[in-house]
Amino acid sequence: MSTFADSLHTASALLVGLDPALWTVVGRSLAVSGLACVLASAVGVTAGAWLAVARFTGRGVAVTLLNTALAVPSVVVGLVVYLLLSRSGPLGFLGWLFSFQAMVLAQALLVLPVAMALTRQLIEDGERQHGEQLRSLGAGTLGRAALLAWDERYALLTVVITVFGRAVAEVGAVMIVGGNIDGFTRVMTTAIALETSKGDLALALALGLVLLGVVLGLNACVAWLRRWRERADTGLPQAVWA
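Nothing here was measured: the structure is a model prediction, and the numbers come from that model.

**Student:** Help me understand the side chain of Arg 59, please; the structure alone is not making it clear to me.
**Tutor:** Within the fold, Arg 59 resides in helix H3 (residues 59-69). Among the polar contacts listed, one links the side chain of Arg 59 to the side chain of Glu 124, at a separation of 2.5 Å. Beyond its immediate stretch of four places on either side in the chain, Arg 59 contacts Leu 51, Ala 52, Ala 54, Arg 120 and Glu 124.

Set out below in structure tokens:
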């Protein structure tokens, strides 16, 4: 218990004292996950909305493969990206292995199925309710996808937040393709694993507290958006919390 108390006290001092080593890792982690979230959401929301309204041979197989991709371990994604970016790989000429770009690519590929699957389910529900009406007005596949995505834009924000939360909490893929290099590719999750193995529990705990704070903030945003949307749908006065 004394070890935990001492570590917690030291971790609090690191947080309050704005320890540069700690906050550099936090900033890099948020930058990697934020950029990966933007890339994955841009592609995933577009592709997911199209898949929700498109009807073609093999669509059921595509949806099944998409849902299967949700369960792919992060270390497998990291391994695939590593092979692609290695010197003998097809993308080796980029020289991205063990770099910021490699971590962004790995996280983007990891969370892409999440963005696609959540968007597809969301837009497909809207298609069941309004698809026939939109078709009668002459809207094609892309038109219906765009209109339904706009109608569900607030719900899609929760998808983006969920994607970011999945990315920022990931450790396996960025460990493989980033190498956990101090000052270059070390992020919160990989630093927590390393510092714990080294016995520097205070720094690991401080990073863990920041990571928990980020996840808590994301969940609070999702809850607020859901409450806001419910109030908007029912026409009740807006409030931050009910």
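**Student:** Would you explain unusual backbone geometry in this entry?
**Tutor:** In most cases, non-glycine residues show a negative phi, while peptide bonds are predominantly trans. In the Ramachandran plot, Leu 18 falls in the positive-phi region, its phi being about 55° despite a non-glycine side chain. Considering the arrangement of structural elements, one finds Leu 18 in the loop between helix H1 (2-16) and helix H2 (20-53). In this structure Leu 18 comes out as exposed when scored by relative accessible area, which is 58%. Unlike most non-glycine residues, Phe 98 shows phi in positive territory, near 60°. Along the polypeptide, Phe 98 turns up in the loop between helix H4 (74-85) and helix H5 (100-136).

**Student:** Quick question: what am I supposed to make of the side chain of Glu 127 here?
**Tutor:** Along the polypeptide, Glu 127 turns up in helix H5. In this structure Glu 127 comes out as buried when scored by relative accessible area, which is 6%. At a separation of 3.4 Å, a polar atom in the side chain of Glu 127 contacts the side chain of Arg 144. Filtering out sequence-adjacent residues up to four positions away, Glu 127 remains in contact with Ala 52, Val 53, Arg 55, Glu 132, Arg 135, Arg 144 and Leu 148.

**Student:** Any chance you could explain the packing of H5 against helix H7 (residues 153-168) here in plain terms?
**Tutor:** Helix-helix packing is characterised by the crossing angle of the two axes and by the distance between the axes. It is the contact of H5 with H7, at a shortest axis distance of 9 Å, that shows an interaxial angle of 155°. Considered as vectors, H5 and H7 are oriented roughly antiparallel to each other. For H5 against H7, the interelement crossing comes out right-handed. On the side of H5, the interface is formed by Gln 107, Leu 110, Val 111, Val 114, Ala 115, Leu 118, Thr 119 and Leu 122, while H7 contributes Ala 155, Leu 156, Val 159, Thr 162, Val 163, Arg 166 and Ala 167. Classifying every residue of the contact of H5 with H7 by side-chain character gives 11 nonpolar, 3 polar and 1 charged.

Criteria and cut-off values
Residues numbered from 1 in each chain as written. Predicted model: local features only at pLDDT ≥ 70, side-chain atom pairs only at ≥ 80, totals over all residues. Heavy atoms only, no water. Helix = DSSP H or I, 4+ residues; strand = E, 2+ residues; numbered from the N terminus. Polar contact = N/O pair within 3.5 Å; in protein donor to acceptor, adjacent residues only side chain to side chain. Contact = heavy atoms within 4.5 Å. Buried < 20%, exposed > 50% of the residue type's maximum accessible area, 1.4 Å probe, protein only. Axes fitted to C-alpha atoms, helices over the stretch in contact; angles between N-to-C directions. Parallel < 35°, antiparallel > 145°, perpendicular 65-115°, else oblique. Left-handed = near helix turned anticlockwise from the far one by under 90°. Nonpolar A, V, L, I, M, F, W, Y, C, P; charged D, E, K, R; others polar.

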